[in-house]
Amino acid sequence: MRPAPLYNVIAILSAPVFYGLYRLRAKGKENLPQGGFVLASNHVSSLDPWVLGLPLWPKRFLRFMAKSELYWWPLKLLLDGAGAFPVRRGQRDIVAIARAVDLVREGHPVAMFPEGTRRTKGLVKRVESRPRSGAARIALESGLPLVPAAVKGTDKLTRLGRLTVAYGAPVAIDDLRGGDMSEAAHEATDRLMARIAELEASL
């Protein structure tokens, strides 16, 4: 799927900063499947979506869930144009899940952050909740790949350090399809988070 016009504008304006000032480097793009898939990453900064999506532009157009609290005018126009769609955090938002499943089946890569929120000062929060299973559930329901990713450096922008992103090979979840969805989603999430941790450690 080709990027939306506003997505192109954001990418054009962002590219010189990310590739020039922060020397953005990506690896593992060859692991990304054609067509739709769920891309799930660690989450350390509000800039993580840019780092995930920019290396794939202009050929790929990532779609993102954005918390519903952000959907007020005129920010709503910016979010819609940039490929986002709303999700009610802290609730089981079946509408957002269904929307994501439809997007993946239509051929869009949908990016997710299973940790559910940004980390504090680049570190895992002292009291951690179980990672959200939404990304795994979308992949299982859509029948399409679940792809791990990891970003590094977005929480230390003032130091002008290098930004890096790694895309991994799809997580093996075919053996979980057709069973109990809740159990399958939790097992797939465990596998996913282990792969994300491996990618993050490699950066």
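A brief structural summary.

What counts and what doesn't
Residues numbered from 1 in each chain as written. Predicted model: local features only at pLDDT ≥ 70, side-chain atom pairs only at ≥ 80, totals over all residues. Heavy atoms only, no water. Helix = DSSP H or I, 4+ residues; strand = E, 2+ residues; numbered from the N terminus. Expected span 1.5 Å × (residues − 1). Contact = heavy atoms within 4.5 Å. Salt bridge = Lys/Arg side-chain N within 4 Å of Asp/Glu carboxyl O. Buried < 20%, exposed > 50% of the residue type's maximum accessible area, 1.4 Å probe, protein only. Pairing = 2+ DSSP bridges. Axes fitted to C-alpha atoms, helices over the stretch in contact; angles between N-to-C directions. Patch = residues over 30% accessible without salt bridge, like charges linked within 9 Å, V, L, I, M, F, W, Y side chains within 5 Å. Areas by Shrake-Rupley, 256 points an atom, 1.4 Å probe, with all protein chains shown as cover. Lys, Arg positive; Asp, Glu negative; His and termini not counted. Charge placed at Lys NZ, Arg CZ, Asp CG, Glu CD.

1. Topic: helix H4 (residues 94-105)
Across its 12 residues, H4 extends 16 Å between first and last C-alpha, which sits within 8% of the 16 Å expected from 1.5 Å per residue. In the core, the buried residues of H4 are packed alongside strand E2 (37-41), strand E3 (63-67), strand E4 (84-87), strand E5 (109-112) and helix H5 (134-142).

2. Quick look at the environment of Gly53
Inspection of the secondary structure assignment puts Gly53 in helix H2 (residues 48-53). Apart from the residues within four sequence positions on either side, Gly53 is in contact with Tyr7 and Leu62.

3. Structural notes on the pattern of salt bridges
Inspection of the entire model under this criterion finds three salt bridges. The salt bridge involving Glu187 is made with Arg191; its shortest N-O contact spans 3.0 Å. Here Glu187 pairs with Arg191, and both are found in helix H6 (residues 181-202), just four residues apart, close to one helical turn. We classify Arg191 as partly exposed; its relative accessible area is 25%.

4. Observations regarding unusual backbone geometry
Following Trp57, the chain continues into Pro58 via a peptide bond in cis, with omega recorded as 10°. Not every positive phi belongs to a glycine, and Arg23 is a case in point at roughly 50°. Although it is not a glycine, Leu160 adopts a positive phi angle of roughly 55°.

5. Remarks on the sheet that holds strand E1 (residues 25-27)
In space, the seven strands of this open sheet follow the order E1-E7-E6-E2-E5-E3-E4, with mixed pairing throughout. This sheet does not close on itself; its edge strands, each paired only once, are E1 and E4. Pairwise comparison of adjacent strand axes, ignoring direction, gives a mean angle of 25° for this sheet. Sheet topology note: the E2/E5 ladder contains four bridges and is parallel. Paired with Phe37 across the strands is Pro109, a residue of E5. Seen against the sheet, H4 touches E2, E3, E4 and E5 and runs at an angle of roughly 155° to E4. Docked against the sheet, H5 engages E2, E3, E5 and strand E6 (146-152), running at close to 165° with respect to E2.

6. Some thoughts on a nonpolar patch on the surface
A cluster of nonpolar side chains, Val17, Leu21 and Leu160, forms an exposed patch at the surface whose accessible area comes to about 230 Å². Judged by relative accessible area, Val17 falls into the partly exposed class, the value being 38%.

7. Here's the deal with helix H1 (residues 5-21)
In a regular helix each residue adds 1.5 Å, so 17 residues correspond to 24 Å; H1 covers 25 Å between its end C-alpha atoms and thus fits that length. All of the buried residues in H1 are Tyr7, Ala11, Ser14, Ala15 and Phe18. Its buried side turned inward, H1 meets H2 and helix H3 (75-81). A positive backbone phi angle near 50° is found at Arg23, which sits one or two residues after H1.

8. Overview of the pairing of strand E7 (residues 164-167)
Neither face of E7 is exposed, since Thr164 and Ala166 on one face and Val165 and Tyr167 on the opposite face are all buried. One ladder, built from three bridges, connects E1 with E7; its direction is parallel. Paired with Ala26 across the bridge in E7 is Val165. One ladder, built from four bridges, connects E6 with E7; its direction is antiparallel. Looking at the pairing, Val151 lines up with Val165 of E7.

9. Let's talk about a positive patch on the surface
Taken together, the side chains of Arg23, Arg25, Lys27 and Arg162 define a basic patch exposed on the protein surface. Structurally, Lys27 can be placed in strand E1.

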